[in-house]
Amino acid sequence: MAGNARQVINMANSIVGVSILSMPFCFKESGLLLGVILVLVTGFITKKTCMFLIRSAIMARRRSYEFLAFHVFGVSGKLFVEMCMILFLFGICISFYVVMGDLAPAMVARFMSIENSSSLRYTLLIGIAVLVILPLCLLRNLDHLASMSAFSIMFYFFLIVVIFWHAFPKLWDGTWIHTAELWRPAGALQVLPILSLALACQSNVFEIYDSVPDPDVPKMRFVVNHAVNLCSALYISVGFLGYVAFVDKDFGGNIIMSFPDSGLTEGIKMFFAVSLAISFPLMIFPCRTSIHSLIYRRAVAVQPVICGEGEEAEEKNVVLQDMVTLFVDFSNEWRCYGIGVFLGYCTG
């Protein structure tokens, strides 16, 4: 099982994203104890649903969402699943751009002493899309992203250390105990959509399954369980420590915005923007599979050809370029919304 560490890292990186910034907000709204319980419950549900999908795919001999839906529900079910997958993954990618658009232009404007304008935002997002995201998204399989995914996971652990540094004074003197709420059911419904999306990895299950050598149920159970457990630990750590660190302040869905201005804070913003760019292919791979299945229809009983082969790969690459352009356009539409609110919409 140790040989599947690359798949564990890739799946964990596909789970962790902008949602980690909203964890302190979720713990503030639901309370510390209830927040931990909600993370654990959503993690348990994620594990179970992923394994249901794997077992169903093996039994039906279908290795994609679209063709598994066709096997069970027919043509209408396949179309419904394709549209749901596309809209869901579009929303995730838009949220990535929203956060990168909030972080990157401000850093560049401050460094170059220029105005942080909408034109700078567009220029940077288009540059990131063309020079960083697009080449990564044209890779043939997810195994090539393992080292970059490991870098992202290491950054999230570093983020925990920084948040702990901010929370340490309150942890030491115990003042947070008198201010923090442990149980606040009134906010559970507000944060449940965010937590559900935060641990959602079902859209990447089949991509990860295809990258596992000689895949079977025990190997996928190992990958899914370890990836979800790792992400749950990250979320609980960031949520608990972030809430304690800023318990006496009014903060929103992006905890980084509550950090005091410093070189370290700017570095964290930069690395977080880089980690989001690296994570883009993990969303694009299943999204372009659904788009390709929707647009370039073949006989419905036939499985799609593996991405990267022949003419189908060329068609997928064209679709991918169109998708990246659309994401940049959409990001400016949604930047007025808080990331927590937007993630809730995506889950809905």
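Structure's up top.
Throughout this description, residue numbers start from 1 for each chain and increase along the sequence as written. Residues qualify for local features only when their pLDDT is at least 70, as the model is predicted, and side-chain atom pairs are given and counted only at 80 or more; totals for whole chains, interfaces and linings, by contrast, use all residues. To obtain the side-chain values, all non-hydrogen atoms of the structure were used and water was disregarded.

S.K.: Is there a simple way to think about the overall build of the chain in this case?
M.R.: Counting secondary structure elements, the chain contains 13 helices and zero strands. Starting at the N terminus, helices and strands are each numbered in turn, a helix being any DSSP run of H or I of at least four residues and a strand any DSSP run of E of at least two. Order of helices (α) and strands (β) in the chain, N terminus to C terminus: α-α-α-α-α-α-α-α-α-α-α-α-α. Using a 1.4 Å probe on the protein chains alone, a residue whose accessible area is under 20% of its type maximum counts as buried, one over 50% counts as exposed, and one in between counts as partly exposed. Within the chain, buried positions represent 54% of all 348 residues. Taking the intrachain contacts of the chain between residues at least 6 apart in sequence as the baseline, contacts between residues at least 24 apart amount to 86%. Accessible surface, the chain as shown: approximately 15,500 Å² in total, 66% of it carbon and sulfur. Contacts are residue-level and defined by heavy atoms, with any inter-residue pair within 4.5 Å sufficient. With residues, only the protein chains shown are counted as cover, and all accessible areas are computed by Shrake-Rupley using a 1.4 Å probe.

S.K.: Sorry, what's going on with the environment of I15 here?
M.R.: For I15, the position within the fold is in helix α1 (residues 5–15). On the basis of relative accessibility, which here comes to 4%, the residue I15 falls in the buried class. Once the C-alpha coordinates of I15 and S279 are considered, the two residues, 264 residues apart in sequence, prove to be 9.3 Å apart. In contact with I15, not counting residues within four places along its chain, are A198, L199, A200, C201, A227, V228, C231 and Y235.

S.K.: Any chance you could explain the nonpolar core here in plain terms?
M.R.: For this analysis, a nonpolar core means a set of buried residues of the types Ala, Val, Leu, Ile, Met, Phe, Trp, Tyr and Cys, connected via side-chain atoms within 4.5 Å. Judged by nonpolar contacts, the single largest core of 98 residues is most densely connected at M11, I15, M100, Y235 and F272. The element that contributes the greatest number of residues to this core is helix α4 (residues 65–112), accounting for 15 residues.

S.K.: What am I meant to see in the packing of aromatic side chains here?
M.R.: The geometry of an aromatic ring pair is captured by the separation of the ring centres together with the interplanar angle, meaning the angle of the planes. Any two of the Phe, Tyr and Trp rings considered here, Trp counted by its six-membered ring, make a pair once their centres fall within 6.5 Å; the pair's planes then place it as stacked at under 30 degrees, edge-to-face at over 60, or tilted in between. For the structure shown, the criterion picks out eleven aromatic pairs. Summarising the aromatic geometry, the rings of Y97 and F280 are spaced 5.1 Å apart at their centres and angled 65° between planes, so their arrangement reads as edge-to-face. Of the two residues, Y97 sits in helix α4 while F280 sits in helix α11 (residues 263–295), which places them 183 residues apart along the sequence. Accessibility expressed as a relative area gives 0% for Y97, which makes it buried.

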